[in-house]
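This is what each chain is made of:
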Amino acid sequence: RLIDRVLQTSLLEGKRMALKSDELDINTMAEDVASTFALKVEEKGGSIVTRLNAENARVSGDEVHLTNVLFNLMENAVKYSSEDRPLQLIVTTENKHSNLIVTIADNGIGIKKENLRKIFSKFYRVHSGNKHDVKGFGLGLAYVKNIVQLHNGHIHAESEFGKGTKFIITLPTI
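1. Observations regarding the overall build of the protein
Consideration 1: Of the regular secondary structure elements, the protein holds five helices and seven strands.
Consideration 2: For the protein, the N- to C-terminal ordering of α and β elements is α-β-α-β-β-α-β-β-α-α-β-β.
Consideration 3: Put simply, the protein has 174 residues, and 45% of those count as buried.
Consideration 4: Considering only intrachain contacts with a sequence separation of at least 6, the fraction spanning at least 24 residues in the protein is 70%.
Consideration 5: As presented, the protein carries roughly 9,600 Å² of accessible surface, and 50% of it is formed by carbon and sulfur atoms.

2. Some remarks on the environment of Thr173
Consideration 1: Tracing the backbone shows Thr173 in the segment after β7 (164-172).
Consideration 2: Separated by 78 residues in the primary sequence, Thr173 and Asn95 place their C-alpha atoms 8.6 Å from one another.
Consideration 3: In this structure Thr173 touches Asn56, Arg58, Val59, Asn95, Ser98, Asn99 and Leu100, once residues within four positions along its chain are discounted.
Consideration 4: One polar contact links the side chain of Thr173 to the main-chain carbonyl oxygen of Ser98, over a distance of 2.9 Å.

3. Observations concerning the nonpolar core
Consideration 1: In terms of nonpolar packing, the biggest core is built from 38 residues, with Leu73 and Met74 touching the most fellow members.
Consideration 2: The residues contacting Met74, other than those within four sequence positions of it, are Ala30, Val33, Ala34, Phe37, Ile48, Leu89, Val91 and Ile104.

4. So, a negative patch on the surface
Consideration 1: A contiguous patch of negative charge on the surface is contributed by Asp22, Glu31, Asp32 and Glu63.
Consideration 2: Assignment of secondary structure puts Asp32 in helix α2 (residues 26-43).
Consideration 3: The class of Asp32 is partly exposed, set by a relative accessible area of 45%.

5. Thoughts on the packing of aromatic side chains
Consideration 1: For the structure shown, the criterion picks out one aromatic pair.
Consideration 2: Positioned above the aromatic ring of Phe161, the side-chain terminus of Lys112 is 5.0 Å from the ring centre.

6. Let's talk about the pairing of strand β6 (residues 154-160)
Consideration 1: In β6, alternate side chains face the same way, and those of Ile155, Ala157 and Ser159 are buried while those of His154, His156, Glu158 and Glu160 on the opposite face are not.
Consideration 2: In terms of strand pairing, β6 meets β7 through seven bridges, oriented antiparallel. Across the sheet, the residue bridging to Glu160 is Gly164, located in β7.
Consideration 3: Taking the residues between adjacent antiparallel strands as the criterion, β6 and β7 are bridged by three residues, where Gly162 takes a positive phi near 85°.

7. Regarding unusual backbone geometry
Consideration 1: The backbone of His97 shows a phi angle near 55°, a positive value even though the residue is not glycine.
Consideration 2: The topology assignment puts His97 in the loop between β4 (88-96) and β5 (99-106).
Consideration 3: Here Asn152, not a glycine, exhibits a phi torsion of approximately 60°, which is positive.
Consideration 4: Tracing the sequence through the fold places Asn152 in the loop between α5 (140-150) and β6.

8. A short note on the sheet that holds β5
Consideration 1: Taken together, five strands build an open sheet; the order of strands is β2-β4-β5-β7-β6 and the sheet is mixed. At either margin of the open sheet sits one strand with a lone partner, and together these are β2 (47-52) and β6. Put simply, the sheet's adjacent strands are angled 15° from each other on average, direction ignored.
Consideration 2: In the sheet, β4 pairs with β5 via eight bridges, with the strands oriented antiparallel. Bridge assignment links Ile90 to a residue of β5, and that residue is Ala105.

9. What to know about the environment of Leu87
Consideration 1: Residue position: Leu87 is located in the loop between α3 (63-79) and β4.
Consideration 2: Here Leu87 is in contact with Val41, Lys44, Gly46, Ser47, Ala77, Val78, Ser81, Asp106 and Asn107, once residues within four sequence places are set aside.

The rules we used
Residues numbered from 1 in each chain as written. Predicted model: local features only at pLDDT ≥ 70, side-chain atom pairs only at ≥ 80, totals over all residues. Heavy atoms only, no water. Helix = DSSP H or I, 4+ residues; strand = E, 2+ residues; numbered from the N terminus. Buried < 20%, exposed > 50% of the residue type's maximum accessible area, 1.4 Å probe, protein only. Contact = heavy atoms within 4.5 Å. Areas by Shrake-Rupley, 256 points an atom, 1.4 Å probe, with all protein chains shown as cover. Polar contact = N/O pair within 3.5 Å; in protein donor to acceptor, adjacent residues only side chain to side chain. Core = buried A, V, L, I, M, F, W, Y, C linked by side-chain atoms within 4.5 Å. Patch = residues over 30% accessible without salt bridge, like charges linked within 9 Å, V, L, I, M, F, W, Y side chains within 5 Å. Salt bridge = Lys/Arg side-chain N within 4 Å of Asp/Glu carboxyl O. Lys, Arg positive; Asp, Glu negative; His and termini not counted. Charge placed at Lys NZ, Arg CZ, Asp CG, Glu CD. Phe/Tyr/Trp six-rings, centres within 6.5 Å; stacked < 30°, edge-to-face > 60°. Lys NZ or Arg CZ within 6 Å of the ring centre and 35° of its normal. Pairing = 2+ DSSP bridges. Axes fitted to C-alpha atoms, helices over the stretch in contact; angles between N-to-C directions.

What follows is the structure, encoded as structure tokens:
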């Protein structure tokens, strides 16, 4: 899996990877990915909520890679959940002008401000203190950012240390 991610990231940075361009419904994709995480979230005593309010959730893109984006962000929410409280994962969609806004928010451990600006850098990992069970190589968010940008979109994160993190993706709609 690591080798695959390194190769994908390398190809994306070199712009040699050809993305498919299909008409996709992000509401459907988000619901499908959220349902795959429902059991993991419930095992942590938490809940996952989808508020898919976008009336136009159609985008042109590569289904595999955009699914991976949603999967990666939800997986991070589970991995970096707080042991002090049940995980609350909220996935929303809405339209703003001619864009689709996808938000994945959690009440996890959060990210310190000094680390927040670096999280999309390849191989960067935020030190997670005493949480030694978190596995990874710092490629997931770099991959996510590359995929979003290759779909003419933008991603940014907002976080408060100890309270949670919110990832906001903006994609052009069809």
